[in-house]
Amino acid sequence: MVRESIDRIGVVGAGTMGSGIAQVAATAGYDVVVRDIDTELVESGFDSIDDSLERLADRDDLAESPATIRERIEGTTALKALADCDLVVEAALEDLSVKRDIFEELEGVCEPSVVLATNTSTLSITSIASSLDRPDRVVGLHFMNPVPIMEGVEVVVGEKTSGSTRELAHGIAEELGKTTWESDDKPGFVTNRILMPWINEGIRAYDEGVATKDDIDAGMELGTNVPMGPLTLADHIGLDVCLHATETLHEELGDRYRPAYLLKRKVEAGELGKKTGSGFYEYE
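Residues numbered from 1 in each chain as written. Predicted model: local features only at pLDDT ≥ 70, side-chain atom pairs only at ≥ 80, totals over all residues. Heavy atoms only, no water.

Draft legend 1. Just the state of the cysteines, in detail. Considering all chains together, one arrives at zero disulfides under this definition. With no disulfide of its own, Cys110 lies closest to Cys85 among cysteine sulfurs, the gap being 6.9 Å. Of the residues examined, Cys110 reaches a relative accessible area of 6% and is grouped as buried. (Disulfide = S-S within 2.5 Å. Buried < 20%, exposed > 50% of the residue type's maximum accessible area, 1.4 Å probe, protein only.)

Here you go:
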């Protein structure tokens, strides 16, 4: 059985997704421990949290002060610091071997009743949990980027995920103020299986001269009522992240997911979108 009461949440990874997950958990009133492999990465994650909380406070979108929320979050480089957490969410590098290693370590650190969730956007939950003694407590909690703003969380159920783990995943996401939907453990799940070819085709259309990048984005925003067109969204997600997801889907599902040439070229040039200041658009 998995524990039903959650008071303290651990997050592995202090990057964009990990810091966002930590922020929404602390905002919801939970004590949070964020772990990354070195102090600089932890501090960088805290800087992102501070900036995000200040922006939300300026819009009167917080029930408490940024300082009060921030006090609930502590940072560490030691995985054993997550030993007293009631739930751990992994948001590390999107690499199967890295995630497997982390989960094997977590199994040795955390109590058997602790649910171990992964924020993977494309990798198999079943594969991540395959070497564990208790794969039934592993589940996908796929948060959307940016985590503090986006309202949805995709719950992904692996082959061995138990019913109680699945229920807890839906419940904790809702406690964090999110709305959930569920996916079986198939490549890309619901979101990226549909989203990545949409972005990929937008990039192809631009590369093949169908329209300007502004008109491609405007056409999708105004024609389908989405908040961002494919090129703008790719820049916000990160072109390297889009490429990795598309390559994974291409490997699993075939040619319909083959990455656009221009996407690969942009990543090779280091133009990764908003986080590097340049992608399909320029950013300050």
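Draft legend 2. Quick look at the packing of aromatic side chains. Scanning all chains against the criterion turns up one aromatic pair. Above the face of the Phe46 ring, Arg70 is positioned so that its terminal group lies 3.9 Å from the ring centre. Lying across the ring of Tyr281, Lys213 places its NZ or CZ 5.0 Å from the centre. (Phe/Tyr/Trp six-rings, centres within 6.5 Å; stacked < 30°, edge-to-face > 60°. Lys NZ or Arg CZ within 6 Å of the ring centre and 35° of its normal.)

Draft legend 3. View of a negative patch on the surface. Taken together, the side chains of Asp38, Glu40, Glu43, Asp47, Asp51, Glu54, Asp58 and Asp60 define an acidic patch exposed on the protein surface. Structurally, Asp60 is set in the loop between helix H2 (39-58) and helix H3 (66-70). (Patch = residues over 30% accessible without salt bridge, like charges linked within 9 Å, V, L, I, M, F, W, Y side chains within 5 Å. Areas by Shrake-Rupley, 256 points an atom, 1.4 Å probe, with all protein chains shown as cover. Salt bridge = Lys/Arg side-chain N within 4 Å of Asp/Glu carboxyl O. Lys, Arg positive; Asp, Glu negative; His and termini not counted. Charge placed at Lys NZ, Arg CZ, Asp CG, Glu CD. Helix = DSSP H or I, 4+ residues; strand = E, 2+ residues; numbered from the N terminus.)

Draft legend 4. The environment of Leu141, seen in detail. Along the chain, Leu141 turns up in strand S6 (residues 138-143). Put simply, Leu141 and Arg166 are 25 residues apart on the chain and 9.8 Å apart in space, counted from C-alpha to C-alpha.

Draft legend 5. The packing of helix H7 (residues 191-207) against helix H11 (residues 261-268), seen in detail. Where H7 meets H11, the axes come as close as 8 Å, and the angle between the chain directions of the two elements is 90°. Taken together, the axes of H7 and H11 lie roughly perpendicular to each other. Across the interface between the two elements, Asn200, Ile203, Tyr206 and Asp207 from H7 touch Tyr261, Leu262 and Leu263 from H11. Looking at the contact of H7 with H11 residue by residue, the classes come out as five nonpolar, one polar and one charged. (Axes fitted to C-alpha atoms, helices over the stretch in contact; angles between N-to-C directions. Parallel < 35°, antiparallel > 145°, perpendicular 65-115°, else oblique. Contact = heavy atoms within 4.5 Å. Nonpolar A, V, L, I, M, F, W, Y, C, P; charged D, E, K, R; others polar.)

Draft legend 6. Fine view of the nonpolar core. Of all hydrophobic cores here, the largest spans 38 residues; its most connected members are Ile9, Val32, Val34, Leu87, Leu141, Phe143 and Ile172. Ranked by residue count, the leading element in this core is helix H1 (residues 16-27), at six residues. Ignoring any residue separated from it by four or fewer positions in sequence, one finds Val34 in contact with Val11, Gly13, Ala14, Ala22, Phe46, Ile73, Glu74, Gly75 and Thr76. (Core = buried A, V, L, I, M, F, W, Y, C linked by side-chain atoms within 4.5 Å.)

Draft legend 7. Region of interest: the sheet that holds strand S3 (residues 73-76). Taking strand neighbours across the sheet as the criterion, the eight strands line up as S3-S2-S1-S4-S5-S6-S7-S8 in an open arrangement whose pairing is mixed. Looking along the sheet, the strands with just one partner apiece sit at the ends: S3 and strand S8 (179-184). Neighbour to neighbour, the strand axes of the sheet diverge by 25° on average, direction disregarded. Pairing geometry for strand S1 (residues 8-12) and strand S2 (residues 31-35), over five bridges, is parallel. Residue pairing for S2: Ile9 is matched across the bridge by Val32. Running at roughly 165° to strand S5 (residues 115-118), helix H4 (residues 96-109) makes contact with S1, strand S4 (87-90), S5 and S6 of the sheet. (Pairing = 2+ DSSP bridges.)

Draft legend 8. Quick look at the UniProt feature "site: Important for catalytic activity" (unreviewed entry) in the protein chain. On the UniProt side, "site: Important for catalytic activity" (unreviewed entry) is annotated at positions that read His142 here. Here His142 is to be found in strand S6. With relative accessibility at 6%, the residue His142 sits in the buried group. Filtering out sequence-adjacent residues up to four positions away, His142 remains in contact with Thr118, Asn119, Thr120, Ser121, Val153, Glu154, Phe189, Thr191 and Asn192. (UniProt positions renumbered as here; feature names shortened; annotations may be inferred.)

Draft legend 9. Highlighting the environment of Glu71. As for its placement among the helices and strands, Glu71 is situated in the loop between H3 and S3. Residue Glu71 is classed as exposed on the basis of its relative accessible area, which comes to 68%. Along the sequence, Glu71 and Val32 sit 39 residues apart, while their C-alpha atoms lie 9.4 Å from each other.

Draft legend 10. Examining the domain arrangement of the protein chain more closely. Each assigned domain of the protein chain is listed with its residue range as follows: domain 1 (8-184) and domain 2 (191-274). Using only C-alpha atoms to locate each centre, domain 1 and domain 2 end up separated by 26 Å. Counting the surface lost from both domain 1 and domain 2, the interface buries some 550 Å², and carbon and sulfur atoms represent 53% of this. When the buried surface of domain 1 facing domain 2 is broken down by residue, Glu94, Thr122 and Asn145 rank first, second and third, together holding 57% of it. For the pair domain 1 and domain 2, the interface holds zero salt bridges. At the junction of domain 1 with domain 2, the criterion picks out three residue pairs in polar contact (both at pLDDT 80 or more). Residues of the side of domain 1 that touches domain 2, tallied by class, amount to two nonpolar, four polar and two charged. (Domains from an automatic or database assignment. Buried area = accessible area lost by both parts, 1.4 Å probe. Polar contact = N/O pair within 3.5 Å; in protein donor to acceptor, adjacent residues only side chain to side chain.)

Draft legend 11. Focus on unusual backbone geometry. In this model, Asn145 is joined to Pro146 through a cis peptide bond whose omega is 0°. Structurally, the position occupied by Pro146 is in the loop between S6 and strand S7 (152-157). Even without glycine at this site, Asp60 takes up a positive phi of about 60°. Positive phi, close to 55°, is recorded for Phe189, a residue that is not glycine. By the element assignment, Phe189 lies in the loop between S8 and H7.

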